[in-house]
Amino acid sequence: MSWEATALYYRLLNEGTAAALGPHHNARSVVVSVDFAEALALAEQSDWDGLAALLIQAARQVCAAGAAMVLLGANTAHIVADQVAAAIDVPLLHIADVTGAAAQALGLRHLGLIGTRFTMASPVYAARLGERFGLTVSTPDEASREVLHQIIAGELTLGRVEPESRRRCVAIIEALRRDGADGIVVGCTELPLLLRPQDSALPLLDTTALHVEAALRLALRER
């Protein structure tokens, strides 16, 4: 929900629209940005009902502006995605569902998950991908989860992309590979600012790009 991730979503949505429809076309979209500091504070307090209320209000603003589909541009926000979806009258495209479909298409079975400490501790991926797609999801050890969280919250959401942090992420991915993962869920919409496909021996499932691609497929099908 940082503006860094929002800017990435906006760029990818418009680049994808132009690629599909031709030059000068861009995505008809409505963006409502919540205050990231407020959302982060609610998550730090485990006030998920408070976060849900914040995002429901934003989603309703998007719907009132005429949107036919809603995306939550953050993996951690999907902890309350079901509450948001129940409060609006248009579909909410769940980021874990498009990731699970992509993993299946690649023939992956055991995914390593990297993201904020909130996402890694939640059932957003572990339970949903197991129940809906038959996939196993593993997370790094506790120390590595804290490293990832600090890179995301302390650097990437502030626009800082540090080579040393990339090296630390690569080491965490390698540990997940040794533990049996055959693919990595890049489960934070800021992490693609840091990690590149060439940084991993395993396929990287870029949840930001996958979310955008799925949204565009649905939107263009309705044209």
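Look up a bit, the structure's there.
In this report, the structure presented in the accompanying data block is examined. (Residues numbered from 1 in each chain as written. Predicted model: local features only at pLDDT ≥ 70, side-chain atom pairs only at ≥ 80, totals over all residues. Heavy atoms only, no water.)

### Side note on the sheet that holds strand E4 (residues 204-206)
Right, on to step 1. Taken in spatial order, the four strands of this open sheet run E2-E1-E3-E4, and their pairing is parallel. The open sheet terminates on both sides in strands that have one partner only, identified here as strand E2 (136-138) and E4. Going from strand to strand, the sheet's axes swing by 30° on average, the running direction of each strand aside.
Right, on to step 2. Where strand E1 (residues 110-115) and strand E3 (residues 183-187) come together, five bridges link them in parallel fashion. Along E3, the bridge assignment pairs Ile114 with Val186.
Right, on to step 3. Sheet contacts for helix H10 (residues 207-221): E3 and E4; angle to E4, the most-contacted strand, approximately 55°. (Pairing = 2+ DSSP bridges. Helix = DSSP H or I, 4+ residues; strand = E, 2+ residues; numbered from the N terminus. Axes fitted to C-alpha atoms, helices over the stretch in contact; angles between N-to-C directions. Contact = heavy atoms within 4.5 Å.)

### Some thoughts on the nonpolar core
For soluble globular proteins, the rule of thumb is that nonpolar side chains tend to be buried together.
Right, on to step 1. Grouped together as the largest cluster of nonpolar side chains are 43 residues, with contacts concentrated most on Leu111, Ile114, Tyr125, Leu129, Cys169, Leu191 and Leu205.
Right, on to step 2. Elements that contribute at least two residues to this core include exactly helix H1 (3-21), helix H5 (95-105), E1, helix H7 (126-133), helix H8 (142-154), helix H9 (163-178), E3 and H10.
Right, on to step 3. What Leu111 contacts, discounting residues up to four positions off in sequence, is Ala103, Leu129, Leu135, Thr136, Val137, Ser138, Ala181, Asp182, Gly183, Val185 and Leu205. (Core = buried A, V, L, I, M, F, W, Y, C linked by side-chain atoms within 4.5 Å. Buried < 20%, exposed > 50% of the residue type's maximum accessible area, 1.4 Å probe, protein only.)

### Comments concerning the pattern of salt bridges
Right, on to step 1. Per the counting criterion, the structure on display carries 12 salt bridges.
Right, on to step 2. Across the pair Arg128 and Asp82 runs a salt bridge whose closest N-O atoms are separated by 3.8 Å. Of this pair, Arg128 sits in helix H7 while Asp82 sits in helix H4 (residues 81-86), and the two are 46 residues apart along the sequence.
Right, on to step 3. Judged by relative accessible area, which is 13%, Arg128 ranks as buried.
Right, on to step 4. A salt bridge links Asp199 to Arg166; the nearest nitrogen and oxygen atoms lie 3.6 Å apart. You can see Asp199 sitting in the loop between E3 and E4 and its partner Arg166 sitting in helix H9, a full 33 residues away along the chain.
Right, on to step 5. A single network of salt bridges, built from pairs that share partners, joins Asp82, Asp97, Arg128 and Arg132. (Salt bridge = Lys/Arg side-chain N within 4 Å of Asp/Glu carboxyl O.)

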